[in-house]
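Summary of structural features
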Amino acid sequence: MKKPPEGDIPIMIVGDSISHGSSGDWTWRYFFWKHLKNNGLSIDLVGPKDTLDNIRTAEVGDDDATYADPGFDRDHDAQWGRPYVQEKEVIEEKVAEYEPEYLLVLLGINDLFWYGVTPPQFAANLREFLTGARRAAPGLKIVIGTVLETQKALDDPEFATLVDETNRQLRAVAAEEGVSVAETAAEFRAPDHTWDGTHPNPNGELRIAAAFADALAATHALGAPYPRPYPVLDVVAPEAKAPLD
């Protein structure tokens, strides 16, 4: 059963661990929601989940409600480990059920790292994803984030080239399909903006939220660009990520 709406503009965030978050995180979803609310928008984040992943256990996908601040609309469609290659098969059903007006998507790193997807395959999978989402809602407004920098890309030039080519393909498909691109990778630096080389710390979360806010403002006249310069936020306390005894 869907929850009662918390606002007038339904937005569904589709993602992997970067959007799902884990124990102790604010999540970029929080900073994005707060920014739009501060700009006077009545939004309703929608989706099948409202939790973090419990990073303190070995299991992937177990629920955790220990947000740094739970006082926001926490609904989302993000899950640790999710790739486009799988999500393209189920996005039509989710869009039909949750009826978003806007779909914000940040996927791709798992396709490259775990599933061995090549850039041409990535482009084909992305097209299938977009087609599926639009079958459920032809007027759906879609914003796609670029694949972020990771420590692996800094350590492995071949992987960095793979990420760059994938982002080139992503932008090309977006232009062909008439969807917006959030340049999430533009201001995101793995050494400064992650807590483990991949997953964003609060300063990384800010930059992801800003990229989506900027894209919505520029291409859909929704809200305003995220203000700069960014504040410098404290990192999440290490004990929030420590394994349980």
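All values reported here derive from a predicted model rather than from experimental measurement.

Conventions adopted
- Residues numbered from 1 in each chain as written.
- Predicted model: local features only at pLDDT ≥ 70, side-chain atom pairs only at ≥ 80, totals over all residues.
- Heavy atoms only, no water.
- 1 Å grid on protein atoms, 1.4 Å probe; cavity = no way out; pocket = protein on both sides within 12 Å on 5 of 7 lines; lining within 4 Å.
- Points joined across faces, edges and corners; volume = space filled by probe spheres on them.
- Nonpolar A, V, L, I, M, F, W, Y, C, P; charged D, E, K, R; others polar.
- Buried < 20%, exposed > 50% of the residue type's maximum accessible area, 1.4 Å probe, protein only.
- Helix = DSSP H or I, 4+ residues; strand = E, 2+ residues; numbered from the N terminus.
- Contact = heavy atoms within 4.5 Å.
- Core = buried A, V, L, I, M, F, W, Y, C linked by side-chain atoms within 4.5 Å.

1. Observations concerning empty space enclosed by the protein
Empty space among the atoms becomes visible once a probe the size of a water molecule is rolled across them. Per the stated rule, a full pass over the model turns up two cavities of 30 Å³ or more. Taken as a whole, the largest cavity encloses approximately 40 Å³ of empty space. Taken together, D16, I18, L106, L107, G108, I109, T146, V147 and L148 make up the lining of the largest cavity. Its residues assigned to classes, the lining of the largest cavity comprises six nonpolar, two polar and one charged. Empty space within the second largest cavity amounts to approximately 30 Å³. Along the walls of the second largest cavity sit S17, I18, G21, D25, T27, W195, H199, P200 and E205, which together make up its complete lining.

2. Re helix α2 (residues 28-38)
The buried count for α2 comes to eight of 11 residues, which makes it a mostly enclosed element. Those residues of α2 lying buried are W28, R29, Y30, F31, F32, W33, H35 and L36. For α2, the secondary structure elements touched by its buried residues are β1 (9-15), α1 (17-20), β2 (43-46), β3 (52-53), β6 (102-106) and α10 (202-220). Looking one or two residues beyond α2, the residue adopting positive phi is G40, at roughly 80°.

3. Some remarks on the layout of surface pockets
Volume-wise, the largest pocket comes out at about 300 Å³. Among the secondary structure elements, those contributing two or more residues to the lining of the largest pocket are α5 (109-113) and α7 (151-155). By residue number, the principal contributor to the lining of the largest pocket is α5, which donates three residues. In terms of residue class, the lining of the largest pocket is made up of six nonpolar, eight polar and three charged.

4. Structural notes on the side chain of N201
Relative to the assigned elements, N201 resides in the loop between α9 (190-193) and α10. Looking at N201, the relative accessible area reads 5%, which means it is buried. Residue contacts for N201: discarding those within four places in its chain leaves D192, H193, T194, W195 and V235.

5. Brief notes about the nonpolar core
With 41 residues, the main nonpolar core has I11, W28, F32, I43, L104, I208 and F212 as its most contacted residues. Those elements that provide at least two residues to this core are β1, α2, β2, β6, α5, α8 (157-177) and α10. For this core, the leading source of residues is α10, giving nine residues. Membership of the second largest hydrophobic core comes to 25 residues, among which are M12, V14, V117 and F129.

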